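Working through the structure, step by step
Residue strings, one per chain:
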Amino acid sequence: MTPLLSIRDLRTYFHTEAGVARSVDGVSFDIGEGETVGIVGESGCGKSVTALSILRLIQPPGRIETGSRIEFEGKDLVTLDDEAMRNIRGNRISMIFQEPMSALNPVFSVGDQVAEVMRIHGGVSRRQAWDRAVETLALTGIPSPEERAKQYPHQLSGGMRQRVLIAMALIMKPALIIADEPTTALDVTIQAQILELLMKLQKEFGTSILMITHDLGVIAETTSRVIVMYAGEVVEEASVSELFARPHHPYTEGLMGSMPHIGHEMDRLNVIPGTVPAPTNWPQGCRFFERCRYSWDRPEHEHPPLYDVGANHRSRCHLAVEPQHRNQPHEPLVIREGAGAA
Amino acid sequence: MPGQTQDSARIEPARPRESPLALGVRAILRKRSSRVAIIVLGVIVMIAILAPFIAPYDPAAQPDIVAGKDLPPSLAHPFGTDPYSRDVLSRVIYGARLSLTIGILATMVSLTFGVAYGAIAGYASGLVDGVMMRLLDALLSIPRLLLLLGVLVAWPHLSIGSLILFLGLTGWFGLSRIVRGQVLALKHAEFVTAAEALGASRRRILVRHLLPNLVSPIAVASTLGIAHVIVLEAGLSYLGIGVPQPMASWGNIIYDGTDQIARLWWMSLFPGLFMVITVMTLNVLGESLRDVYERR
């Protein structure tokens, strides 16, 4: 079965005066129909740029480099003309943004904004669009949607606003929803509700979801397959159960180690030392080298490929072929403070 | 009901009439100074609209050029008469009509050009923006009054329509800067990216998403702009190159009495007073509009 979305060697570079920032540097992955895939990683590792690249919303000086391919429903989104691309946005692929307040236009009622998506793509009357908007708002669990639809973003709570954004993403019944940190800006109690809602709607409509987050908890709760990104690359890919049971890449280990656990007494949280290096200046060999607890025998500048390390489990770490080194942790080489880029 | 929500308790009960526009209007009306300004302005506008019914005389009639000229204020002529024996009160009333009309229409012309130019420059950015802004700098470097004087000296017998057009065409530079700045600032707002992600076209984003967010600064600029045009027109008429005779504008009434300004004091005092009050109320209104939108 061909996947719904197939990304091959996606490279999105920003040609700035300070140099070429290779924010996404050769990323490949697939999303199947109805599948929920998570992308996890720190700030500045290229998650959001990957998401925006799929919708081709990269602003200059950023650019998707030639040779990158994003295949979706039989079309290559990288080379599609603007008109056809607009037809896909919001219609076949939609996006839920992180900050529900700023993603809504303050001067229009939320019902108008949901209905607008329908007006752009549906070729329907104002009245029909409004009715569908109210229906969709009801679907996202907004109480008394007829009245809520007439309200403005500033009159709604954060959770309600995020439901409105979900309604906007959902109204055209897209094949894929990209959720970029959909719960980061919300209270913890609301977070769970929103995730639950997304999962419920996904089951109902069979929509695929690309869940972008830095929160492994969200990944564990919602996704079936995980892609770990670091420094513009996929560093590990596995099913959720496999990843949590047998994390291979030291970066993934680090991410898991830095999660607080209930019941574990710790003086302080474990952190991965240092920050993501600047995207204008990725290290030549392994990009995680300076922050890594392990060492290896290969030449320092040898860039690790994605090794197969299990069933559908791949890791971009030389330890795959030199497992003995995992038993000899040492202090990471350099701690770069503030050298990373956002 | 699908999707049980527990956060519904966190929001206030539904109050549908809270559009940003309604909120703004309410905030303006809450201030005493702006309430007074609106009432005064309303009276002046009513005077202008009802001019034919309130004016005691025909503003252009010269009933008795010998005995009826230069009369000081009296019961028959509360604002006196001018050197052509015309009734100054009637001329001031009709002057309100003309001065306000010129102010409003010229500002609408400025608005059209200023918003379009600024919005395009700001949204296009890059080279287009650069060229458009340098051109604007060049235009801004010429003082508006000088530009108008040049035009009006070259074509001394302009119709009112052309006068309005010229006043409008010289008045949009500042506004287009404001609009450009706002568009530039809003262009990268997340709701614009969100609209793009939903498939909105560039035109739709500009017209539907950006411009409605500029209503407040545009309203401020227009209110102040009308006041400015009224003063400008008066200045030009005072120099004798504005509104042609026998039509009355506040500026050319003052001009008619200018050679004997000390003796015919009523000829500059009354139209001047009307003008000052109008301009002041417009400025008060503009300032409180600005207060309201800057606080948000």
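Each value, and the rule that gives it
- Once a new chain begins, its residue numbering starts again from 1 and follows that chain's sequence as written.
- All chains are assigned letters beginning at A, and all ligands numbers beginning at 1, according to the order in which they are written.
- Given that this is a predicted model, residues contribute local features only at a pLDDT of at least 70 and side-chain atom pairs are listed and counted only at 80 or more, while totals for whole chains, interfaces and linings are drawn from all residues.
- Working definition: helices are DSSP H or I runs of at least four residues, strands are E runs of at least two. Numbering for both runs from the N terminus.
- We take the radius of gyration over the C-alpha atoms and set the globule estimate at 2.2 Å times the residue count to the 0.38 power.
- Counting other C-beta atoms within 10 Å of each residue's C-beta, where C-beta atoms are placed from the backbone, gives the exposure class: buried for 20 or more, exposed for 12 or fewer, partly exposed between.
- We call two residues in contact when the distance between their C-beta atoms, placed using the backbone, is within 7 Å.
- Lys, Arg, Asp and Glu make up the charged group, whereas Ala, Val, Leu, Ile, Met, Phe, Trp, Tyr, Cys and Pro make up the nonpolar group; the residues left over, Gly among them, are polar.
- DSSP calls a pair of strands paired once it identifies at least 2 bridges connecting them.
- Interaxial angle, 0 to 180 degrees, is taken between N-to-C directions of lines fitted to C-alpha atoms, where a helix line uses only the stretch in contact.
- Along the chain, pLDDT gives the predictor's confidence residue by residue, from 0 to 100.
- Each nonpolar core reported here comprises buried Ala, Val, Leu, Ile, Met, Phe, Trp, Tyr and Cys residues connected via C-beta atoms within 7 Å.
- Each residue after the first adds 1.5 Å to the expected span of a helix.
- Here is the rule for handedness: rotate from the far helix to the near one, and if that takes an anticlockwise turn smaller than a right angle the crossing is left-handed, while a clockwise turn gives right-handed.

1. Structural notes on the overall build of chain B
In terms of regular secondary structure, chain B is built from 13 helices and 0 strands. Along chain B, helices (α) and strands (β) appear in the sequence α-α-α-α-α-α-α-α-α-α-α-α-α when read from the amino end. Its C-alpha atoms give chain B a radius of gyration of 24 Å, clearly above 19 Å, the size a compact globule of 296 residues would have. Summarising its shape, the C-alpha atoms of chain B cover approximately 85 × 50 × 25 Å along the three principal directions. Relative to its 296 residues, chain B shows a buried fraction of 39%. Within chain B, contacts between residues separated by at least 24 positions form 70% of all contacts whose residues are at least 6 apart in sequence.

2. Here we look at the overall build of chain A
Broken down by element type, chain A carries 10 helices and 13 strands. Against the compact-globule benchmark of 20 Å for 342 residues, chain A has a radius of gyration of 21 Å, which places it among compact chains. Each principal axis of the C-alpha distribution contributes one length, and for chain A these read about 70 × 50 × 40 Å. Burial status across chain A gives 50% buried among its 342 residues.

3. Topic: the interface of chain B and chain A
Between chain B and chain A, the contact holds 29 residues from the first and 40 residues from the second. When its residues are assigned to classes, the side of chain B that touches chain A shows 12 nonpolar, 11 polar and 6 charged.

4. A short note on the sheet that holds strand 9 (residues 208–213) of chain A
Residue and element names in this part refer to chain A. Taken together, the 8 strands give an open sheet; going across it, the order is 7-8-9-3-10-11-13-12, and neighbouring strands pair in mixed fashion. The open sheet has two free edges, formed respectively by strand 7 (93–96) and strand 12 (307–310), since each of these has just one partner strand. Mean inter-strand twist for the sheet, computed between neighbouring axes without regard to direction, equals 25 degrees. Sheet analysis places strand 3 (residues 36–40) next to strand 10 (residues 225–230), joined by 4 bridges and oriented parallel. Pairing of Gly38 across the sheet is with Val226, part of strand 10.

5. Observations regarding the pairing of strand 9 of chain A
All names here are of chain A. The element strand 9 is largely enclosed, with a buried count of 6 among its 6 residues. Of the two faces of strand 9, the one holding Ser208, Leu210 and Ile212 and the one holding Ile209, Met211 and Thr213 are both buried throughout. Direction of pairing for strand 3 relative to strand 9: parallel, over a ladder of 5 bridges. By the bridge assignment, Val40 is partnered in strand 9 with Thr213. Across 5 bridges, the pairing between strand 8 (residues 176–180) and strand 9 is parallel.

6. Digging into the confidence of the model for chain B
Residue and element names in this part refer to chain B. With 94% of its residues at a pLDDT of 70 or more, chain B shows a mean pLDDT of 86. Between residues 1–12, whose pLDDT stays under 50, and residues either more than four places distant or in other chains, the model counts 21 contacts. Interface confidence in the predicted complex, given as ipTM, is 0.81; pTM for the same model is 0.80.

7. Regarding the pairing of strand 3 of chain A
Within strand 3 of chain A, 5 of the 5 residues are buried, which leaves it mostly tucked inside the rest of the structure. Burial of the side chains of strand 3 of chain A extends over both faces: Thr36, Gly38 and Val40 of chain A are buried on one face and Val37 and Ile39 of chain A on the other.

8. Some points on the nonpolar core
Side chains that are nonpolar tend, in soluble globular proteins, to be buried together. Core analysis: the largest hydrophobic core is formed by 95 residues, its most contacted members being Val114, Ala133, Val164, Ile178 and Leu210 of chain A. Top contributing element to this core by residue count: helix 6 (residues 158–170) of chain A, with 8 residues. With residues near it in sequence (within four places) discarded, Ile178 of chain A still touches Ala51, Ile54, Ile93, Met95, Leu210 and Ile212 of chain A. Listed in part, the 58 residues of the second largest apolar core include Val183, Leu210, Met275 and Leu285 of chain B.

9. Details of the environment of Arg287 of chain A
By the secondary structure assignment, Arg287 of chain A is in the loop between helix 10 (250–257) and strand 12. Excluding anything up to four places from it in sequence, Arg287 of chain A contacts Tyr230, Ala231, Glu233, Pro277 and Trp282 of chain A.

10. Some points on helix 4 (residues 126–139) of chain A
All names here are of chain A. Here helix 4 contains 14 residues, and its C-alpha end-to-end distance of 20 Å stays within 8% of the 20 Å for a straight helix at 1.5 Å per residue. Along helix 4, the positions that sit buried rather than exposed are Ala129, Trp130, Ala133, Val134, Thr136, Leu137 and Leu139. The elements touched by buried residues of helix 4 are helix 3 (110–122), helix 5 (145–149) and helix 6. Once helix 4 ends, the next one or two residues include Gly141, with phi positive near 80 degrees.

11. What to know about the packing of helix 5 (residues 126–140) of chain B against helix 8 (residues 173–187) of chain B
All names here are of chain B. Two numbers describe how helix 5 lies on helix 8: the axes approach to 10 Å, and their chain directions differ by 150 degrees. As for how helix 5 packs across helix 8, the hand of that crossing is left-handed. In this structure, helix 5 contributes Leu136, Leu139 and Leu140 to the contact, and helix 8 contributes Phe173, Ser176 and Arg177. Partitioning the contact of helix 5 with helix 8 into residue classes produces 4 nonpolar, 1 polar and 1 charged.

12. Here's the deal with the environment of Gly310 of chain A
When you line up the elements, Gly310 of chain A lands in strand 12. Between the C-alpha atoms of Gly310 of chain A and Arg246 of chain A, which are 64 residues apart in sequence, the distance is 9.3 Å.

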